[in-house]
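The residues making up each chain are set out below.
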Amino acid sequence: MNLRQLFVLRRSFARVTDLFYWPLLDLFFFGFLSVYLGRREGAPMIAGLLLSALILWDIFFRVQQGISVSFLMELWTRNFVNLFVTPVTVTEFLVAMMVWGVVKILITATLLTTLALLLYGFNLFTLGLSLVPFVIGLIIFGWAVGTVITAIILRYGQAAETLAWSLAFLFQPFGAVFFPLSVYPQWLVGVLLLMPLPHIFEGMRAVLAGQPLPLHHLGWAFLLDAIYLLVAWAFFGYMFTLARQRGLLLKAQE
Amino acid sequence: MLLGLIAPTGGTIRILGQEMPRRREAILARVNFSSPYVALPHDLTVRENLVVFSHLYNVAEHRRKIRDLGELFGVSHLLDRRTGRLSSGEIARVNLVKAFLNDPQILFLDEPTAALDPEAADAVRTLLMRQRDERGLTIFYTSHNMREVERLSTRIIFLHHGRIIADGPAEQIVREYGKADLEEFFVALARSEREVSQ
């Protein structure tokens, strides 16, 4: 399955654009913005905060897309039925898409991290080893969201394909990605903390500010990740069964 | 249902002695499928597509297999061309290469000649008949072309609103219903349905 994605990457301009063009535009935008704000406000930390948030956000978003867009590609090319009459199981299909999501972010994040260092003098690895659990936490949540989107597309067909690009952005203003939780009204904070993203990004900001890794945020992030991923898999399994019962697997690519 | 894409509402399906969908993976490793209503990814070359499906079917020595099948179905010269740039006749033959990759014991072919001109359709039919005879292959073949059905099939099943209304060799069906050939039987069936609905 991933071999197929690699072949596409070699030949599809649209997929290369997904991988490089949009992340690079984001990097340039936030990079120059942080340079400007850093000079104006006299807050050199701002570049680190914005660029770390951007790169980590991109990890979540690309992993989610790695799953849902890979699935959509099979529908667009009418290859979906061909795949599901091979001995490949649904679990193998899902795992292959999850792995592809990780491969994609390895490529994109390496590029962004290198350019952030070269152009803006920001080294993401100042987050040190604490970067690892943050990244893992984001990957797992990206898998969960991507799996849910895929399940919805499976049930409602290509009419729901816009979710592959839009749903993740719902988490951007409410995930404490670029600004701290203290910005939100108090009543909302409790609700937002039911998502792993605010825990991860709060943790990132704490480490950048020179504080020790906030283990309680990390613990909550992983616990919530595990719950969301299990729920996402169960939801996908339910939708797949429903699709088989209603003959939707044949109609999905129409 | 036979390929596990739709769940049956009742009854059981056994293919090659195994229950579908309970033994789905084991069954699907020994069968294959082709239809003009599904496609191989158009942005990959023919070879890339066949390599991907070789892996999905766990085909040993897939390079040799692709080369041999390419020669057999006359698509060797197309292997490095993008699938999206092929004509419908070429695509039909490439789909058949894909369908034979895992040396299936049963082949499900959904109107494999539907999009082809008469000459290309005849070439595909001849190839299929030769493979059927040489490999002892069982082919489930759906078609609205009654001449094709008559030529290819040893047993024909007419499904009408989900029910079997005729089942047997072409001569038997034609004899039972007092028709000149399958085409006449098919047309009479379609007309009777129209009259009932009116």
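What counts and how
Residues numbered from 1 in each chain as written. Chains lettered and ligands numbered in written order. Predicted model: local features only at pLDDT ≥ 70, side-chain atom pairs only at ≥ 80, totals over all residues. Helix = DSSP H or I, 4+ residues; strand = E, 2+ residues; numbered from the N terminus. Buried ≥ 20, exposed ≤ 12 C-beta atoms within 10 Å, placed from the backbone. Contact = placed C-beta atoms within 7 Å. Domains from an automatic or database assignment. Pairing = 2+ DSSP bridges. Right-handed = clockwise from strand over helix to strand, strands pointing away. pLDDT = per-residue confidence, 0-100. Nonpolar A, V, L, I, M, F, W, Y, C, P; charged D, E, K, R; others polar. Core = buried A, V, L, I, M, F, W, Y, C linked by C-beta atoms within 7 Å. Axes fitted to C-alpha atoms, helices over the stretch in contact; angles between N-to-C directions. Arc of directions from axis to C-beta.

### Regarding the overall build of chain A
Here's step 1: Along chain A, the regular secondary structure elements total eleven helices and zero strands.
Here's step 2: Ordering the α and β elements of chain A from the N terminus gives α-α-α-α-α-α-α-α-α-α-α.
Here's step 3: Classification of the 254 residues of chain A by burial places 41% in the buried group.
Here's step 4: Contacts spanning at least 24 positions in sequence make up 75% of the contacts within chain A whose residues lie at least 6 apart.

### Observations concerning the domain arrangement of chain B
In many analyses, interface size is given as the accessible surface area lost on bringing the parts together.
Here's step 1: Domain annotation for chain B reports domain 1 (25–142) and domain 2 (154–198).
Here's step 2: On a C-alpha basis, the centroid separation for the pair domain 1 of chain B and domain 2 of chain B is 30 Å.

### Topic: the pairing of strand β4 (residues 106–110) of chain B
Residue and element names in this part refer to chain B.
Here's step 1: Only one face of β4 is buried, namely the one carrying Leu-107 and Leu-109, since none of Ile-106, Phe-108 and Asp-110 on the opposite face is buried.
Here's step 2: The pairing of strand β3 (residues 31–34) with β4 spans four bridges and is parallel. Within β4, the position partnered with Ser-34 by the bridge is Leu-109.
Here's step 3: Direction of pairing for β4 relative to strand β5 (residues 138–142): parallel, over a ladder of five bridges. Residue pairing for β5: Asp-110 is matched across the bridge by Thr-142.
Here's step 4: What joins β4 to β5 is helix α5 (residues 118–135), and the crossover it makes is right-handed.

### Side note on the confidence of the model for chain B
Residue and element names in this part refer to chain B.
Here's step 1: When the pLDDT values of chain B are averaged, the result is 89; 97% of them are 70 or greater.
Here's step 2: Mean pLDDT across the elements of chain B bottoms out in helix α8 (residues 182–197) (77) and peaks in helix α2 (residues 46–56) (96).
Here's step 3: Among the scores for the predicted complex, ipTM is 0.85 and pTM is 0.85.

### Comments concerning the interface of chain A and chain B
Here's step 1: Of the residues lining the interface, 22 residues belong to chain A; the matching set on chain B comes to 21 residues.
Here's step 2: When contributions to the side of chain A that touches chain B are tallied by element, the ones reaching two or more residues are α1 (2–11), α4 (80–84), α10 (215–246) and α11 (248–251) of chain A.
Here's step 3: Residue contributions to the side of chain A that touches chain B peak at five residues, all from α1 of chain A.
Here's step 4: Classifying every residue of the side of chain A that touches chain B by side-chain character gives ten nonpolar, eight polar and four charged.

### A few points about the nonpolar core
Here's step 1: Membership of the largest hydrophobic core comes to 102 residues, with the highest contact counts inside it found for Leu-51, Ile-59 and Leu-138 of chain A together with Val-97 of chain B.
Here's step 2: It is helix α3 (residues 45–76) of chain A that contributes the most residues to this core, 17 residues altogether.
Here's step 3: Leave out the neighbours within four places in its chain, and Val-97 of chain B touches Leu-50, Leu-69, Gly-70, Phe-73 and Val-75 of chain B.
Here's step 4: Core analysis: the next-biggest nonpolar cluster, separate from the first, contains five residues, Ile-156, Ile-173, Leu-182 and Phe-185 of chain B among them.

### Topic: unusual backbone geometry
Here's step 1: Cis rather than trans, the peptide bond between Met-20 of chain B and Pro-21 of chain B has omega equal to 10°.
Here's step 2: With respect to the helices, strands and loops of the structure, Pro-21 of chain B is situated in the loop between β2 (18–20) and α1 (24–28).
Here's step 3: The phi dihedral of Arg-78 of chain A falls on the positive side, at around 55°, and the residue is not glycine.
Here's step 4: Its place among the elements puts Arg-78 of chain A in the loop between α3 and α4.

### A word on the sheet that holds β5 of chain B
All names here are of chain B.
Here's step 1: Taking strand neighbours across the sheet as the criterion, the three strands line up as β3-β4-β5 in an open arrangement whose pairing is parallel. Unpaired on one side and paired on the other, β3 and β5 mark the two borders of the sheet. The sheet shows a mean angle of 15° between the axes of neighbouring strands, taken without regard to direction.
Here's step 2: Helix α4 (residues 88–100) contacts β3 and β4 of the sheet and is inclined by roughly 165° relative to β3.

### With respect to the environment of Ala-109 of chain A
Residue and element names in this part refer to chain A.
Here's step 1: Relative to the elements of secondary structure, Ala-109 occurs in helix α5 (residues 90–120).
Here's step 2: You can call Ala-109 partly exposed: it has 18 C-beta atoms within 10 Å.
Here's step 3: Put simply, Ala-109 and Glu-161 are 52 residues apart on the chain and 25 Å apart in space, counted from C-alpha to C-alpha.
Here's step 4: What Ala-109 contacts, discounting residues up to four positions off in sequence, is Ile-55, Asp-58 and Ile-59.

### Quick look at helix α3 (residues 62–72) of chain B
Side chains of residues three or four places apart in an α-helix project in the same direction, reflecting 3.6 residues per turn.
Residues and elements named next belong to chain B.
Here's step 1: Listing the buried residues of α3 in full gives Ile-66, Leu-69 and Gly-70. Seen along its axis, α3 keeps its buried residues to an arc of 105°; they face one direction. The outward face of α3, more than 90 degrees from its buried face, is lined by the exposed residues Arg-64 and Glu-71.
Here's step 2: At its buried positions, α3 is contacted by α2 and α4.

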